[in-house]
Amino acid sequence: MGVFDQSLAAFLAPIKEFLDDETVTEVLINGPTEIWVEKKGKLTLTTASFGDESQLQAAVRNIAQYVKRQIDSQHPTLDARLPNGSRIHAVLPPSARKGTTVAIRKFAKAAELSFEKLISWGTISADAAEFLEICIQLAKNIIVSGGTGSGKTTFLNLLGGLLPKGERLMIVEDASELQIRSDHIVNFETKAADHEGKGALTIRDLIKSAMRLRPDRIIVGEVRAGEALDLITVMNTGHGGSMGTTHANTPMDALVRLETLASLGDTGIPLAALRRQIAGAVHIVVQAKRLHDGSRKITHISEVLGVDENGRYTVQDLFKFIQTGLGEDHKILGEMRPMGNIPTFFEEIEVNGFTYDVKKFAKPAPTKPSAQEVLAQHQAALNAKSPVAAAAASAGAVAPGAAGGTGSAGGAGGGPGVAGAANPIAHLPPAQQQAVIAAAAKAGMSVGQYYKWALEKQKAAAAAKTAGGAKPAAGGKKPGEAA
């Protein structure tokens, strides 16, 4: 352990257990006495605390000294990294009203992350992961979009690790966070100005230098300002397979945000030309999202098709996360599914010798509900419309006015108005069950009531035919009809 590591361990002693805990993904310090941690996407208040404000500020200044940055009354914010690669951001009082406020975000180690793990966690599907691997090999330009804490940087780490061996990769970041493992990597990090306001190096400066250092691909850790134009230029000038991240909620929003950021630069490019450059530069947008249950998912993998005659971006979703329900503890249930769109470069996949079945892009056929499921839905709808019937059912009584509801549990006359009644049409073939259910819904009756009435009507018709055309008995009328 180096001198800095030892001093950092001493300064951050109150939260060291959380920094060492692999299940903790973020440590949030709201002043010296209020410390929260995030585990599995959920925040928990801890009992840990720093002695006082001066002790907390001493720890922050120690970190700033290590990364050769300033944090004081003239520079009240700090964006830096810890030796283990974690990102740290701090704000000093008086802007931080509760005291020095710090957020430490830990990233999964690149060596420990794989598509297999993400698939097992439900973050992405196997087919979508295989498709992205092919996109990396084909040098498609990729933007990873998402909100704060959605997993953009972690996913970019994974994509970067898939680069072909032998390629020269330039990584440009504000504060080094990416831990991409590859054979030939050159890392650049911005530099703040000194106390005289000189010597600053911005992301834009570093991208321009990177382009002159013979890169095969360039990755910009996070696009926040005018460097968006430089990244688009990189993607459009022969450095295929370049990547970056940006903050946006949807793939379409990601393109609009790149446009907005690019327009902040010192450029006079007409809007129409800028849009065409962005649409031509970005091939794939990967959308990451942190859902309300704390889980992180890849929700969209979309292809950018270009701009239409009105100058608007056109995007097609290739894969999309579809929520199917809620499980225990409000856990979101769902899966990533293909959307039935084939990428425009599919021929390129085949020409380059990659084996990817085109059927993997096919939209899955909708599953037809079984008769039992339809019956359950129908009965639930009737109970929702008639609270009296539902209450009578739970009490084991016949609902008032429910004609034909006198059958015993499991009998043919049982319906929602009889407690514990079994499916009265379970013995019928599925097609006939569907027909009875549909007819009962149309008549506004329970399945049991309708089926009993239909049987009585059928018997009355048969008796009338046997008797030589006599009129059907009164039992052949619909329940509730006047005699």
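For the structure, see preceding data.
Below is a short write-up of the structure. From a predicted model like this one, the values you see are computed outputs, not experimental measurements.

Calculation notes
- Residues numbered from 1 in each chain as written.
- Predicted model: local features only at pLDDT ≥ 70, side-chain atom pairs only at ≥ 80, totals over all residues.
- Heavy atoms only, no water.
- Helix = DSSP H or I, 4+ residues; strand = E, 2+ residues; numbered from the N terminus.
- Buried < 20%, exposed > 50% of the residue type's maximum accessible area, 1.4 Å probe, protein only.
- Contact = heavy atoms within 4.5 Å.
- Areas by Shrake-Rupley, 256 points an atom, 1.4 Å probe, with all protein chains shown as cover.
- Salt bridge = Lys/Arg side-chain N within 4 Å of Asp/Glu carboxyl O.
- Pairing = 2+ DSSP bridges.
- Axes fitted to C-alpha atoms, helices over the stretch in contact; angles between N-to-C directions.
- 1 Å grid on protein atoms, 1.4 Å probe; cavity = no way out; pocket = protein on both sides within 12 Å on 5 of 7 lines; lining within 4 Å.
- Points joined across faces, edges and corners; volume = space filled by probe spheres on them.
- Nonpolar A, V, L, I, M, F, W, Y, C, P; charged D, E, K, R; others polar.

Turning next to the overall build of the chain. What the chain contains, in helices and strands, is 15 helices and 15 strands. Every one of the 483 residues in the chain was classed for burial, and the buried ones make up 44%. Considering only intrachain contacts with a sequence separation of at least 6, the fraction spanning at least 24 residues in the chain is 54%. Within the structure as shown, the chain displays about 24300 Å² of accessible surface, and the carbon and sulfur contribution to it stands at 54%.

Evaluated as defined, the whole model comprises 19 salt bridges. Of the charged contacts in the structure, one is a salt bridge between Arg-105 and Glu-26, with a shortest N-O distance of 3.7 Å. Of the two residues, Arg-105 is situated in strand 6 (residues 101–105) and Glu-26 in strand 1 (residues 24–30); the sequence distance between them amounts to 79 residues. In this structure, Arg-105 and Glu-26 share a single accessibility class: buried. The salt bridge involving Glu-34 is made with Lys-98; its shortest N-O contact spans 3.0 Å. Placement of the pair is Glu-34 in the loop between strand 1 and strand 2 (35–39) and Lys-98 in the loop between strand 5 (87–91) and strand 6, with a sequence separation of 64 residues.

Glancing now at the sheet that holds strand 3 (residues 42–45). Reading across from one edge, 3-2-1-6-5-4 is the order of the six strands in this open sheet, with antiparallel pairing throughout. If you trace the sheet from one side to the other, it starts and ends with strand 3 and strand 4 (77–81), each paired once. Adjacent strand axes in the sheet meet at a mean angle of 15 degrees, parallel and antiparallel pairs treated alike. As paired elements, strand 4 and strand 5 share five bridges and run antiparallel to each other. Opposite Leu-78, over in strand 5, you have Ala-90 as the bridge partner. Against the sheet, helix 3 (residues 53–66) makes contact with strand 1, strand 4, strand 5 and strand 6, and its axis sits at roughly 60 degrees relative to strand 4, the strand it touches most.

So, about empty space enclosed by the protein. Summed over all chains, the structure comprises one cavity of 30 Å³ or more. What the largest cavity holds in volume is close to 80 Å³. Looking at the lining of the largest cavity residue by residue, the class counts come to two nonpolar, two polar and six charged.

Read across the sheet, nine strands follow the order 9-8-10-11-7-12-13-14-15 without closing on themselves; strand pairing throughout is mixed. In the strand order of this sheet, the two ends are held by strand 9 (184–189) and strand 15 (332–338), each with one partner. The mean angle between the axes of side-by-side strands here comes to 25 degrees, regardless of whether they run parallel or antiparallel. Two strands pair when backbone bridges link them, and strand 8 (residues 168–173) and strand 9 are joined in this way by six bridges, in the parallel orientation. Bridge pairing in strand 9 links Glu-173 to Glu-189.

Treat this as a map of the structure, not an account of what it does.
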